Protein chains: 4
Amino acid sequence: MKKILITGFEPFGNDKINPALEAVRLIAGRKLNGGEISICQVPVVRYKSIAVVKQAIEEQKPYAVITVGQASGRSAITPERIAINVDDFRIPDNEGIQVIDEPVIEGGPDAYFTTLPIKAIVNAIQSKGIPAMLSNTAGTFVCNHLFYGIQHYLKDTNIRHGFVHIPLLPEQSVDGSQPTMKLEQIAEGLAIAAQAIIDNNEDIQEGAGTIC
Amino acid sequence: MKKILITGFEPFGNDKINPALEAVRLIAGRKLNGGEISICQVPVVRYKSIAVVKQAIEEQKPYAVITVGQASGRSAITPERIAINVDDFRIPDNEGIQVIDEPVIEGGPDAYFTTLPIKAIVNAIQSKGIPAMLSNTAGTFVCNHLFYGIQHYLKDTNIRHGFVHIPLLPEQSVDGSQPTMKLEQIAEGLAIAAQAIIDNNEDIQEGAGTIC
Amino acid sequence: MKKILITGFEPFGNDKINPALEAVRLIAGRKLNGGEISICQVPVVRYKSIAVVKQAIEEQKPYAVITVGQASGRSAITPERIAINVDDFRIPDNEGIQVIDEPVIEGGPDAYFTTLPIKAIVNAIQSKGIPAMLSNTAGTFVCNHLFYGIQHYLKDTNIRHGFVHIPLLPEQSVDGSQPTMKLEQIAEGLAIAAQAIIDNNEDIQEGAGTIC
Amino acid sequence: MKKILITGFEPFGNDKINPALEAVRLIAGRKLNGGEISICQVPVVRYKSIAVVKQAIEEQKPYAVITVGQASGRSAITPERIAINVDDFRIPDNEGIQVIDEPVIEGGPDAYFTTLPIKAIVNAIQSKGIPAMLSNTAGTFVCNHLFYGIQHYLKDTNIRHGFVHIPLLPEQSVDGSQPTMKLEQIAEGLAIAAQAIIDNNEDIQEGAGTIC
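Thresholds applied
- Residues numbered from 1 in each chain as written.
- Chains lettered and ligands numbered in written order.
- Predicted model: local features only at pLDDT ≥ 70, side-chain atom pairs only at ≥ 80, totals over all residues.
- Heavy atoms only, no water.
- UniProt positions renumbered as here; feature names shortened; annotations may be inferred.
- Contact = heavy atoms within 4.5 Å.
- Buried area = accessible area lost by both parts, 1.4 Å probe.
- Salt bridge = Lys/Arg side-chain N within 4 Å of Asp/Glu carboxyl O.
- Polar contact = N/O pair within 3.5 Å; in protein donor to acceptor, adjacent residues only side chain to side chain.
- Helix = DSSP H or I, 4+ residues; strand = E, 2+ residues; numbered from the N terminus.
- Nonpolar A, V, L, I, M, F, W, Y, C, P; charged D, E, K, R; others polar.
- Least-squares fit on C-alpha atoms with pLDDT ≥ 70 in both.
- Buried < 20%, exposed > 50% of the residue type's maximum accessible area, 1.4 Å probe, protein only.

Where an unreviewed UniProt entry is consulted, chain A appears under the name Pyrrolidone-carboxylate peptidase, with the organism given as Aliivibrio sifiae. Check the Function (unreviewed entry) section of the UniProt entry for chain A; it says "Removes 5-oxoproline from various penultimate amino acid residues except L-proline." As stated in UniProt under Subcellular location (unreviewed entry), the record for chain A gives "Cytoplasm".

Rendered as structure tokens:
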């Protein structure tokens, strides 16, 4: 039975909740076809976030890992294509750390592609009527930081990993200024993603490019 | 017991479903505090849409009326402030009618403000964690056409009426290009709006202006 | 020789300049084919704005009037279709006045359509390679206030009038967060609009509708 | 005297002109403080684009290189932070080639950071009142392809290189649906970028991060 570890960030900035954490809690222990979902709560803190997920990986020995964070302004569940080796924090993290253009891993390569079958994931989520879309940038805050750090940590293993951004919850944008998605739908989308990882050893061939 | 008539449009353009019709079906017969929701299905056709809602009003003798339509691109349930006396159809309606800058009602005034307590409605919906926002334009297609036609028809009565635009459903935008809202949340928002009408004989004083 | 009066607002909110005022200054006295442009500076103040433009109309006896204001977020020069009888100020005007849902003119009709040939104007501006688009809402701040007030004042005359929103200047959004237009292009667009008024006693038939 | 080579793409897709090519033509031969601008026209074709710029570099022996392309939807001049090793073409290039998820350089690293002082460039452009903004994704079409290819080619040299996306021209979006920038302003922004490269051997420390 393949364990899929899905991690969720704690709230940050001015937010009281983080849909990532709420969503993974909803699907903790969920049985998959040939697998099971386990979860882990992650602090929005430089390096500590990476350390916490590393420890969860060591303890839980998952088949694959999905790290998850919220993305204000997005209408869909968006698996990320690439993690980049830079921390350029527009706001401080939850311990007040704010850095400009420092590497995540000193001496690490400029970037790592995700090892998840992201197009199969997008496809699977969409086929259930849930908006999904590939993204080519995970930003330069703790989301990308964790994405890069775990991708680096797992690079010589066969544990696949990737980061998935999710929309705000309706209650986080009641004034209608940002697109939102219901918690149940986000959680369902993440469970579908976990199943798609089990079902696809290799990614499918499907165009999802952007002109710029 | 006050009957609130909520009408929903049929699908139009390239869409197979219309969230307006789906949502009102979900709340047909719903009991309110001091009232009840009744519904009516409306064709996306110039004048026929007005005729169908007029007939429903005559038969059902509602306390108030909410006409409802979908608005691609919006993240929230958006009560409309004003109906304008112009039909400027960017696409043909469901009977192939496409007109440019013709009045809805020949000789009618340029516009009618809604008679619904729209700020109380926005407030009530938001207080349940559902995105809502006032809108100052209902466009120039059949939505505005029906809004104006019914506002004109009811102008010398004490039946209050207004139009509410709702977002697309998730399954209408699985590629993530447009914001969406789950059907249950849309339906809940409309029921809250119906209750807010019963609860507010006059609108509340609350700023919701836009600079332009 | 037909005089076209084009008015421009003073800066408001946190802005140091207003592209409307800067643009009309650039074309003051500009000769048109069969006419000439005159201008007037308008304070961003409830009622005072209307009074100042009324006085300019009385003094200058123009053939037609274009009132102009800035619209953050728009990419194009946008002639407005309709002025509505409501002041709902999200921010205070330049004299600190902030009102909610009060009429511009007590007892006035809910709205006035512009009397300018707005589709001919959009067409003429676009034909010179300058982005232009019709708008169905002038907001609920001083722009709409002035638009409604002057439309009301001129309703029994044959002086045509309308409001045109213009984008921010590049120097107002150097961080790239909003679309902008160069001052010279805005000014040129307004001069083209003035000429289009002289050239079109009636508007052209051209679809420019929006679904919602 | 330091030669800055700025390259511009030919038109592609449905466009008749490409602002990148038009803009670089305007500043060909422009004298800088301690340098001079030279240019090169680039076909929107997989690999051929890289070959053409490589040859120009060999012939012109520039001090630094800016490759430039258009980005529909952007309001500002946007230097790119990173080039990624993937071609995922949503539309065919100008020779009909359309590939999905193939590497630009087989066996190359996943990505290269630009070697241009991009924050100094953004700063310098903004200080002249021209909108500029850092971007974290150059897409997955020929723009990113060329960016990656040249970054790879120059990796063991001291010739710095980066890609800059520019907005559409006003005449490319007369309907107002996309933000635009006047050709002269784009050209001026690119010349400022060239000067900023000469003036900054190292990039400045300035936050320009994005949350996601």
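**Q** Pulling in residues and values, what's your account of the interface of chain A and chain D?
**A** Between chain A and chain D, the residue contacts involve 35 residues of the former and 35 residues of the latter. The junction of chain A with chain D conceals about 2900 Å² of combined surface from both sides, 60% of it contributed by carbon and sulfur atoms. Where chain A meets chain D, there are eight salt bridges. Measuring nitrogen to oxygen at the nearest pair gives 2.6 Å for the salt bridge that ties A:Lys119 to D:Asp88. Scanning the region where chain A abuts chain D turns up 15 residue pairs in polar contact (both at pLDDT 80 or more). At the level of elements, strand S6 (82-84) and strand S7 (111-113) of chain A are the ones that each hand at least two residues to the side of chain A that touches chain D. Broken down by element, the side of chain A that touches chain D gets its largest block of residues, three residues, from S7(A). Its residues assigned to classes, the side of chain A that touches chain D comprises 15 nonpolar, 12 polar and eight charged.

**Q** So what's going on with the arrangement of the chains? Which residues, and what values?
**A** At the level of C-alpha atoms, the two units chain A and chain C stay apart, their nearest approach being 14 Å. If you take every C-alpha in chain B and every C-alpha in chain D, the smallest gap between them is 14 Å, and the two do not touch.

**Q** Quick rundown of the relation of the copies chain A and chain D? Include the residues and the values.
**A** Expressed as a screw operation, the relation of chain A to chain D combines 0.0 Å of axial shift with a rotation of 180°, fitting to an RMSD of 0.0 Å. In symmetry terms, the pair is related by a two-fold rotation axis. The C-alpha atom lying nearest the rotation axis in chain A is that of A:Ala111; the distance is 2.7 Å. Mapped onto chain D, 100% of the interface residues of chain A again fall at the interface, so both copies present the same surface.

**Q** I'd like a rundown of the UniProt feature "active site" (unreviewed entry) in chain A, residues and numbers included.
**A** Residues and elements named next belong to chain A. Residues given the UniProt feature "active site" (unreviewed entry) here are Glu 80, Cys 143 and His 165. Separation in sequence by 86 residues is not matched in space for these annotated residues, since their most distant C-alpha atoms are only 10.4 Å apart. Among the secondary structure elements, Cys 143 is positioned in helix H4 (residues 142-153). In this structure Cys 143 comes out as buried when scored by relative accessible area, which is 4%. Ignoring sequence-local partners within four residues, the contact set of Cys 143 consists of Phe 9, Gly 69, Ala 138, Phe 163 and His 165. Note on His 165: relative accessible area 0%, which makes it buried.

**Q** Provide a residue-level description of the pattern of salt bridges, including the pertinent values.
**A** All names here are of chain B. The final tally for this structure, using the stated rule, is 48 salt bridges over all chains. Of the charged contacts in the structure, one is a salt bridge between Asp 87 and Arg 46, with a shortest N-O distance of 2.6 Å. With Asp 87 in the loop between strand S6 (82-84) and strand S7 (111-113) and Arg 46 in the loop between strand S3 (35-42) and helix H2 (48-60), this residue pair connects regions lying 41 residues apart in the sequence. Given the relative accessible area of 0%, Asp 87 is considered buried.

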